[in-house]
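# Summary of structural features
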Amino acid sequence: MNTQLPVLVVLIPLLIAPLIVLVRNPTAAWALFGAAAVSSFALAVQCLLLVQEQGLLQAFLGGWEPPFGIEYRIDLANAIVLCLVSGIALLVTPMAKASIEREISEPRIYLFYACLTLCLTGLLGMAATGDAFNVFVFLEISSLSGYALIAMGNSRRALLASFRYLVMGTVGGTFFLTGVGLLYALTGTLNMADLAGSLTMGFDSRVLIAAAAFIVVGLSIKIALFPVHAWLPAAYAEAPSAVTAFMAATATKVAAYVLLRFAATVIGPVVVFATLPIGTALVWLACIAMVAGSIAAIYQTDFKRLLAWSSLAQIGYIVLGIGLGTDAGASAALTHMVNHGVIKCGLFVIAGVLVWRHGQATVANFAGMPQQSPWLFAAFVIGALGLIGVPGTGGFISKWVLLQALIAESAWVAVAAVLVSSLLAVIYCWRVVEIAWFGDSDASQPPAAASRTPVGATLSLAMLSGLVVYLGVHSSWLVELTAQAGADLFGVGR
């Protein structure tokens, strides 16, 4: 049974998605999505425990071993990502019911949950598969369902945001597929472990260099790395709140993991970080993203857009760790994937509560919140402190690990960019706090029927806020786990 865990973690939500379409009932659809999230999370945790105990997990579909068959391959790095994606889906489930009933018409709710389950399937598949072409297949499953989910937003702007994401996502997917095709032409295999064995240190080929460039550019679009980030702010702002809470915490993180996987183990650090200046380019673009994203967030009046631009800055931290091309940098990237995923999911759940109350989520809606909803405001403060990187939160641990990796490489410009971005985060978070305490609360009063916070959203926020603090106070296990994962990724001797 254990040998099939890598397949089951993807297969169960894949089978539940069409079942949701057959059932059609909104409540049953929500329950089935919850069942998919629970089962995937339980299986992902079991995979992580088994990898820690006995090492690599492998599963061969149909009993066909690679290079002829498709392999699912789980090590520490993608086990962490599987736990993040499925865990976020589980934490979003309680808030989704009331939020979606408010933002989407009842006849479309079951279709929404079917698409959300497919998106979950695609992201889990990208992390679990050991086949390069399968990565593209699951990338498209998550992307196509993501386009549909964003288009279900309650304004016409959602259609434009979805179309923009579709165009950019198609370009990114095409670049990635072109790179994979070049690797296949060069080696005759699509299995990622076989590719890593074929593309040895001394392999000198323009085809390999072109493949590396195509893959990095394609995944950079999916990650929304500056300057190919234009799709993300509108997509996050216009999508239904549950979609934003889920995708902001997972979609870009999984794409970043795929970039890390290809750079560290498939193509190899010699080509990516030595032969080509990809590592240097990623570091500089990450630094610009951290500062520019934070500056843009300061001027936003829409709370979702503020969080979206903040996400662009936080993506910079992850890519900066990858761009270092070291095991310490990989560890920092993986640590921030987890911590930022939890932090940003909680903040977007707050945005969902604001939409549920006011029909929109603006910074002005925070006026009077400390008096009207102290627990909701406390959840925002915890998330904001995590974004800034204040000690006692998971965000501090991420930045501390990243700064250690940067200092070890004497990357002082990047260290300065991290510090400047953190100071800018203080500004855009303080703007919200200032309006909450001193803004005109009369204009932001919600209707009496919507003055309370939905029970499901309260439950989601309580768990997410608790996790932000827990990951800041009891972080040694996560840091040790990601450190080992980073060492495994870059310890292949190439």
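Use the structure listed above.
A short tour of the structure in this document, coming up.

About the criteria used
- Residues numbered from 1 in each chain as written.
- Predicted model: local features only at pLDDT ≥ 70, side-chain atom pairs only at ≥ 80, totals over all residues.
- Heavy atoms only, no water.
- Axes fitted to C-alpha atoms, helices over the stretch in contact; angles between N-to-C directions.
- Helix = DSSP H or I, 4+ residues; strand = E, 2+ residues; numbered from the N terminus.
- Left-handed = near helix turned anticlockwise from the far one by under 90°.
- Contact = heavy atoms within 4.5 Å.
- Nonpolar A, V, L, I, M, F, W, Y, C, P; charged D, E, K, R; others polar.
- Phe/Tyr/Trp six-rings, centres within 6.5 Å; stacked < 30°, edge-to-face > 60°.
- Buried < 20%, exposed > 50% of the residue type's maximum accessible area, 1.4 Å probe, protein only.
- Expected span 1.5 Å × (residues − 1).
- Salt bridge = Lys/Arg side-chain N within 4 Å of Asp/Glu carboxyl O.
- 1 Å grid on protein atoms, 1.4 Å probe; cavity = no way out; pocket = protein on both sides within 12 Å on 5 of 7 lines; lining within 4 Å.
- Points joined across faces, edges and corners; volume = space filled by probe spheres on them.

### So, the packing of helix α14 (residues 327-358) against helix α16 (residues 374-388)
Their axes nearest at 9 Å, the elements α14 and α16 cross at an angle of 145°. The two elements α14 and α16 cross, and the hand of that crossing is left-handed. Taken together, the residues of α16 that come into contact with α14 (itself represented by His-340, Ile-343, Lys-344, Leu-347, Ile-350, Val-353 and Arg-357) are Leu-376, Ala-379, Phe-380, Gly-383, Ala-384, Gly-386 and Leu-387. Of the residues assigned to the contact of α14 with α16, the class counts are 9 nonpolar, 3 polar and 2 charged.

### Describing the packing of aromatic side chains
Enumeration over the complete set of coordinates arrives at 15 aromatic pairs. Aromatic pair Phe-133 and Phe-136: ring centres 6.0 Å apart, planes at 40°, arrangement tilted. Of the two residues, Phe-133 and Phe-136 both sit in helix α5 (residues 132-151), 3 residues apart, roughly one turn of that helix. Overall, the relative accessible area of 15% leaves Phe-136 in the buried class. Both rings, one in Phe-273 and one in Phe-490, keep their centres 6.3 Å apart while their planes meet at 45°; by these two values the pair is tilted. Here Phe-273 is found in helix α11 (residues 269-275), whereas its partner Phe-490 is found in helix α20 (residues 476-490), with 217 residues between them in sequence.

### A look at helix α17 (residues 394-408)
Think of an α-helix as turning once every 3.6 residues; residues three or four places apart then point the same way. An ideal rise of 1.5 Å per residue puts 21 Å on 15 residues; α17 measures up with 22 Å between its terminal C-alpha atoms. Along α17, the residues classified as buried are Gly-394, Gly-395, Ile-397, Ser-398, Lys-399, Val-401, Leu-402, Leu-403, Ala-405 and Leu-406. Residues of α17 that are buried sit in contact with α13 (303-323), α14, α16, α18 (412-438), α19 (455-473) and α20. At the C-terminal side of α17, Ser-410 shows a positive phi close to 55°.

### A short note on the pattern of salt bridges
By the definition in use, this model includes 5 salt bridges. The closest approach of N and O atoms between Asp-75 and Arg-261, which form a salt bridge, is 2.8 Å. One end of the pair, Asp-75, is in the loop between β2 (71-74) and α3 (76-103); the other, Arg-261, is in helix α10 (residues 241-266), with 186 residues separating them in the sequence. Judged by relative accessible area, Asp-75 falls into the buried class, the value being 18%. Arg-157 is the partner of Glu-238 in a salt bridge, and the nearest nitrogen-oxygen pair spans 3.2 Å. One end of the pair, Glu-238, is in helix α9 (residues 231-238); the other, Arg-157, is in helix α6 (residues 157-187), with 81 residues separating them in the sequence. Several salt bridges converge on common partners, so that one network encompasses Arg-157, Glu-238 and Arg-305.

### A look at empty space enclosed by the protein
A probe as big as a water molecule, rolled over the atoms, marks out the empty space that is left. Taken as a whole, this structure holds 7 cavities of 30 Å³ or more when the rule is applied. Put simply, the largest cavity is a space of about 100 Å³. Forming the walls of the largest cavity are 13 residues, and the residues nearest its centre are Leu-123, Ser-142, Ser-143, Tyr-165 and Ala-251. If you list the elements that add at least two residues to the lining of the largest cavity, you get α4 (106-128), α5 and α10. In terms of residue count, α10 provides more of the lining of the largest cavity than any other element does, 4 residues in total.

### What to know about the side chain of Ser-475
Relative to the elements of secondary structure, Ser-475 occurs in the loop between α19 and α20. Here Ser-475 falls in the buried class, since its relative accessible area comes to 12%. Not counting the four nearest positions on each side in its chain, Ser-475 is found in contact with Ile-397 and Tyr-470.

### Overview of the side chain of Thr-250
Checked against the element boundaries, Thr-250 lands in helix α10. By relative accessible area, which is 0% here, Thr-250 ends up buried. Excluding residues that lie within four positions of it along the chain, Thr-250 makes contacts with Val-85, Ile-88 and Leu-123.

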